[in-house]
Amino acid sequence: MADNSLGERLKTAAAVTGGLSAACYVIGLLVVNIHLRRFGYYSMSLFEVHYVVAGILSLVPVGLGWCGFALFAEEIWEAAKGWKLVALLIGLLLGLMGSFVVLVLQGAWIEGLPFGVRFVVLIIAGFFVTLYPAAAAQSATRLLASNVYRKEVTVSGAVVIGLSALVVVGGYLVNFSRSIYGEIPATLGGGQPRAVRLVVKNEVKASLAGLGVPFAADGRTSERVRLLLATEKEYVILTGKEGSVGIRGDAVDAIFYEPR
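Presented here is an overview of the structure given in this document. Owing to the predicted nature of the structure, the values given are computational and were not obtained by experimental measurement.

Describing the environment of Leu94
(1) Moving on: Inspection of the secondary structure assignment puts Leu94 in helix H3 (residues 83–105).
(2) Moving on: Through-space distance from the C-alpha of Leu94 to that of Phe128 is 9.6 Å; in sequence the pair is 34 residues apart.

Pasting the structure below:
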């Protein structure tokens, strides 16, 4: 019995770990490409560890929000009786609506705030936008299992609930990518560009200079540039506020990482 119980627990743990890893991968794929899209670049590689890391990073504000709620959850539920429970539910609904307005309708406003304020906004909004899908999934399950309404009505209701959950979660991921992920250092798995100098082959120097990569007049070493992404096949550097250039890996002889 003990061996069987242990085996079942290991299987469950493996399934949960695999599911979380897959979820982090998909979330990270979205976060990274939303970030790269700002510079006109897309990452189409299917197997990238930094996708999983980006997914985990995007869940940090959400986790902090839930941890903060958990500290006071017991006291809140014990005190939430009668009209206080109604007030609590209304407060949660208003929090969700406020998060929708901030994340979906006023997302550009967040980018203008100081980093610390942005992070706090996403902690609060992350809690509400993940609270909603959990409640939405439960409601959708009840609708589909209900015999009160016609099947067409219940399916339509489940679809509406699911789509609205995707909207608020998508708004969170877009804002995390645009306002937080790009300022996390690459050494921590974030998307902040690194200052580097490239030593390129002579035959590609003229082409790169024509695309906006600055070089010293008499050398193959570039001036200080910002490295957006490095893969096995290419280096992607920023040439301006919005543009980027991809350089084949075999065209670079060396790369010097500037100290911070």
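What about the sheet that holds strand E5 (residues 252–257)?
(1) Moving on: Judged by pairing direction, the sheet is antiparallel, and its 5 strands sit side by side in the order E4-E3-E2-E1-E5 without closing on themselves. Lying at the two open borders of the sheet, with one neighbouring strand each, are strand E4 (244–248) and E5. Here the average twist between neighbouring strands, direction ignored, is 45 degrees.
(2) Moving on: With 4 bridges connecting them, strand E2 (residues 225–230) and strand E3 (residues 234–238) associate as antiparallel partners. Looking across to E3, one finds that Arg226 is bridged to Leu238.
(3) Moving on: The sheet strands contacting helix H7 (residues 202–210) are strand E1 (194–200) and E4, and the helix crosses E1 at an angle near 130 degrees.

Concerning the environment of Val49
(1) Moving on: Note on placement: Val49 falls in helix H2 (residues 49–79).
(2) Moving on: In sequence terms Val49 and Tyr25 are 24 residues apart; their C-alpha atoms lie 8.2 Å from each other.

Some details on the pattern of salt bridges
(1) Moving on: Using the criterion set out here, one finds 5 salt bridges in the structure.
(2) Moving on: Salt-bridge contacts for Arg118 lead to Glu183; the nearest nitrogen and oxygen are separated by 2.8 Å. Taken as a pair, Arg118 in helix H5 (residues 115–145) and Glu183 in the loop between helix H6 (151–179) and E1 lie far apart in primary sequence, 65 residues in all.
(3) Moving on: Judged by its relative accessible area of 38%, Glu183 is partly exposed.
(4) Moving on: The salt bridge involving Arg220 is made with Asp253; its shortest N-O contact spans 2.7 Å. Pair noted here: Arg220 is in the loop between H7 and E2 and Asp253 is in strand E5, with a separation of 33 residues, a long-range link.
(5) Moving on: Judged by its relative accessible area of 30%, Arg220 is partly exposed.

Some remarks on the pairing of E3
(1) Moving on: With 4 of 5 residues buried, E3 is to be regarded as a mostly interior element.
(2) Moving on: The pairing of E3 with E4 spans 5 bridges and is antiparallel. Across the sheet, the residue bridging to Tyr235 is Ile247, located in E4.

Quick notes on H7
(1) Moving on: Burial in H7 covers these residues: Val204, Lys205 and Leu208. The buried side chains of H7 occupy one side of the element, clustering within an arc of 120 degrees when seen end-on. For H7, exposure combined with an orientation more than 90 degrees from the buried face picks out Asn202, Glu203, Ala206 and Gly210.
(2) Moving on: Where H7 is buried, its residues touch E1 and E4.
(3) Moving on: One or two positions beyond H7, positive phi appears at Gly212, with a value near 105 degrees.

Here we look at the side chain of Ser58
(1) Moving on: By the element assignment, Ser58 lies in helix H2.
(2) Moving on: You can call Ser58 buried: its relative accessible area is 0%.
(3) Moving on: What Ser58 contacts, discounting residues up to four positions off in sequence, is Ile27, Val31, Tyr172, Leu173 and Phe176.

What about a nonpolar patch on the surface?
(1) Moving on: On the surface, Val86, Ile90, Leu93, Leu94 and Met97 cluster together into a nonpolar patch covering about 480 Å² of accessible area.
(2) Moving on: Mapping Leu93 onto the fold places it in helix H3.
(3) Moving on: For Leu93, a relative accessible area of 48% translates into the label partly exposed.

Quick look at the packing of aromatic side chains
(1) Moving on: As enumerated under the stated definition, the model contains 7 aromatic pairs in all.
(2) Moving on: Between Phe127 and Phe128 the ring centres are 5.2 Å apart and the planes differ by 70 degrees, which places this aromatic pair in the edge-to-face class.
(3) Moving on: A network of ring pairs unites the aromatic residues Trp66, Phe69, Phe127 and Phe128 as a single cluster.

Remarks on the nonpolar core
(1) Moving on: Val31, Leu103, Tyr172, Phe176 and Tyr181 are the most contacted members of the largest nonpolar core, which has 28 residues in total.
(2) Moving on: Going through the elements one at a time, helix H1 (2–37), H2, H5, H6, E2 and E3 are the ones with two or more residues in this core.
(3) Moving on: Apart from residues lying up to four places away in sequence, Val31 is in contact with Ala54, Ser58, Leu173, Phe176, Ser177 and Tyr181.

Structural notes on the side chain of His35
(1) Moving on: Considering the arrangement of structural elements, one finds His35 in helix H1.
(2) Moving on: Residue His35 is classed as buried on the basis of its relative accessible area, which comes to 4%.
(3) Moving on: Discounting chain neighbours no more than four positions away, the residues touching His35 are Ser177, Tyr181, Gly182, Gly191 and Leu228.

Rules and cut-offs
- Residues numbered from 1 in each chain as written.
- Predicted model: local features only at pLDDT ≥ 70, side-chain atom pairs only at ≥ 80, totals over all residues.
- Heavy atoms only, no water.
- Helix = DSSP H or I, 4+ residues; strand = E, 2+ residues; numbered from the N terminus.
- Pairing = 2+ DSSP bridges.
- Axes fitted to C-alpha atoms, helices over the stretch in contact; angles between N-to-C directions.
- Contact = heavy atoms within 4.5 Å.
- Salt bridge = Lys/Arg side-chain N within 4 Å of Asp/Glu carboxyl O.
- Buried < 20%, exposed > 50% of the residue type's maximum accessible area, 1.4 Å probe, protein only.
- Arc of directions from axis to C-beta.
- Patch = residues over 30% accessible without salt bridge, like charges linked within 9 Å, V, L, I, M, F, W, Y side chains within 5 Å.
- Areas by Shrake-Rupley, 256 points an atom, 1.4 Å probe, with all protein chains shown as cover.
- Phe/Tyr/Trp six-rings, centres within 6.5 Å; stacked < 30°, edge-to-face > 60°.
- Core = buried A, V, L, I, M, F, W, Y, C linked by side-chain atoms within 4.5 Å.

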